[in-house]
Amino acid sequence: MSTQETIRRRAGSVEETALKIAPDNAEQLVDALNTDLAATYVLYHQSKKHHWNVEGAEFLGVHEYLGDIAEDLEESADELAERAQAIGGVPLAGGATFEEHAPIDPEGEDVYGVRTSLENDIEAFGVVIESLRDHIALAGELGDYTTEELLRDILETAEEHAHHLEHYLEDDTLVTESATN
C-alpha cells in the first residue's frame, strides 16, 4: 500500500493534454484503451500459466510459442497503457482491477491438458480481437488516428497468434498413434 499522502491523479480521471483530443472523446478512448489493457493482461497471465505448465511430446515448441505470445501481450499492454496516459487518462493497474474491467474471464488456477489450454487461449484471443476491432472503429470515428493505428498493429499481432494457435489444434501430428494412448 502506498504511503503517499497526496494523490496526483485519480484513477478514472482524464485531463486535457497537448494532444488536443476533446475531453469527451478522450474519456471514451481511455475507457476503450483500458478495456483492451485489462483484457491483454488477463490473457497474458493465462498464456504464461500455459507456458509454465505445458507437457507432452510437443512440449518445447508449444512452450516456446506461448512464451513468445506472452512477450507480445506484455509489449501490447505497455503500448496501450502509455497511449491512455498520453491522451490524458490513468491506465488501469493491478490484477483485480484488470480482471474487473476485462471482457474475458480469467481461467481458473487448475492445470488443463494442452488442447484445452490452447482452446481457452483461442477463445480469449477471439474476445480480444473483437474488442480491438470495435475500438479501432471508435478511434477512427473520433478522429484519433494515432490510437487507431496503434490498435491496428496490436490487432494484427493478436490475429496472427490466434491463427497460429489454431494450427497447434489440428489433427495432423508427427506423434505416432501409439504414443498418444
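Predicted model only: the values in this text are computed from it and were never measured.

A. Quick peek at the packing of aromatic side chains. Throughout the structure, instances matching the rule amount to 3 aromatic pairs. Between Tyr41 and Tyr44, the ring centres sit 6.0 Å apart and the planes meet at 90 degrees, which makes this aromatic pair edge-to-face. Highlighted residues: Tyr41 and Tyr44, both in helix α1 (residues 23–53), separated by 3 residues, approximately one helical turn. In this structure an aromatic cluster arises from ring pairing among Tyr41, Tyr44 and Phe98.

B. How the structure looks around unusual backbone geometry. Positive phi, normally seen in glycine, also occurs at Lys20, with a value near 60 degrees. If you trace the backbone, Lys20 turns up in the segment before α1. Assessed through its relative accessible area of 63%, Lys20 is described here as exposed.

C. Summary view of the packing of α1 against helix α2 (residues 59–86). Here α1 crosses α2 at 160 degrees, and the two axes come no closer than 8 Å. It follows from the interaxial angle that α1 and α2 lie roughly antiparallel. In the packing of α1 onto α2, the handedness of the crossing is left-handed. Among the residues forming the contact of α1 with α2, the class breakdown is 14 nonpolar, 8 polar and 4 charged.

D. Quick look at a negative patch on the surface. A grouping of Glu64, Asp68, Glu71, Glu74, Glu75, Asp78, Glu79, Glu82, Glu149, Asp153, Glu156 and Glu160 is seen on the molecular surface, where their side chains present a negatively charged patch. Looking at the negative patch, the elements with two or more residues in it are α2 and α5 (145–168). When its relative accessible area of 41% is taken as the criterion, Asp78 is described as partly exposed.

E. Summary view of the pattern of salt bridges. The full count for this structure, using the stated rule, is 5 salt bridges. Taking the shortest distance from any N to any O, the salt bridge between Lys20 and Glu16 comes out at 3.7 Å. The exposure class assigned to Glu16 is exposed, which follows from its relative accessible area of 57%. Note that Glu159 and Arg133 form a salt bridge whose closest N and O atoms lie 2.6 Å from each other. Taken together, the positions of Glu159 in helix α5 and Arg133 in helix α4 (residues 114–141) put the pair 26 residues apart, joining distant regions of the chain.

F. Broad picture of α5. The terminal C-alpha atoms of α5, which comprises 24 residues, lie 35 Å apart, in line with the 34 Å expected from a rise of 1.5 Å per residue. Against α1, α2 and α4 lie the buried residues of α5.

G. Representation of the side chain of Glu148 within the structure. Within the element layout of this structure, Glu148 appears in helix α5. Here the side chain of Glu148 touches Arg152 through a polar contact of 2.9 Å, side chain to side chain. When near neighbours in sequence (up to four residues on either side) are disregarded, Glu148 contacts Ile136, Ala139 and Gly140.

The rules behind the values
- Residues numbered from 1 in each chain as written.
- Predicted model: local features only at pLDDT ≥ 70, side-chain atom pairs only at ≥ 80, totals over all residues.
- Heavy atoms only, no water.
- Phe/Tyr/Trp six-rings, centres within 6.5 Å; stacked < 30°, edge-to-face > 60°.
- Helix = DSSP H or I, 4+ residues; strand = E, 2+ residues; numbered from the N terminus.
- Buried < 20%, exposed > 50% of the residue type's maximum accessible area, 1.4 Å probe, protein only.
- Axes fitted to C-alpha atoms, helices over the stretch in contact; angles between N-to-C directions.
- Parallel < 35°, antiparallel > 145°, perpendicular 65-115°, else oblique.
- Left-handed = near helix turned anticlockwise from the far one by under 90°.
- Nonpolar A, V, L, I, M, F, W, Y, C, P; charged D, E, K, R; others polar.
- Patch = residues over 30% accessible without salt bridge, like charges linked within 9 Å, V, L, I, M, F, W, Y side chains within 5 Å.
- Areas by Shrake-Rupley, 256 points an atom, 1.4 Å probe, with all protein chains shown as cover.
- Salt bridge = Lys/Arg side-chain N within 4 Å of Asp/Glu carboxyl O.
- Lys, Arg positive; Asp, Glu negative; His and termini not counted.
- Charge placed at Lys NZ, Arg CZ, Asp CG, Glu CD.
- Expected span 1.5 Å × (residues − 1).
- Contact = heavy atoms within 4.5 Å.
- Polar contact = N/O pair within 3.5 Å; in protein donor to acceptor, adjacent residues only side chain to side chain.

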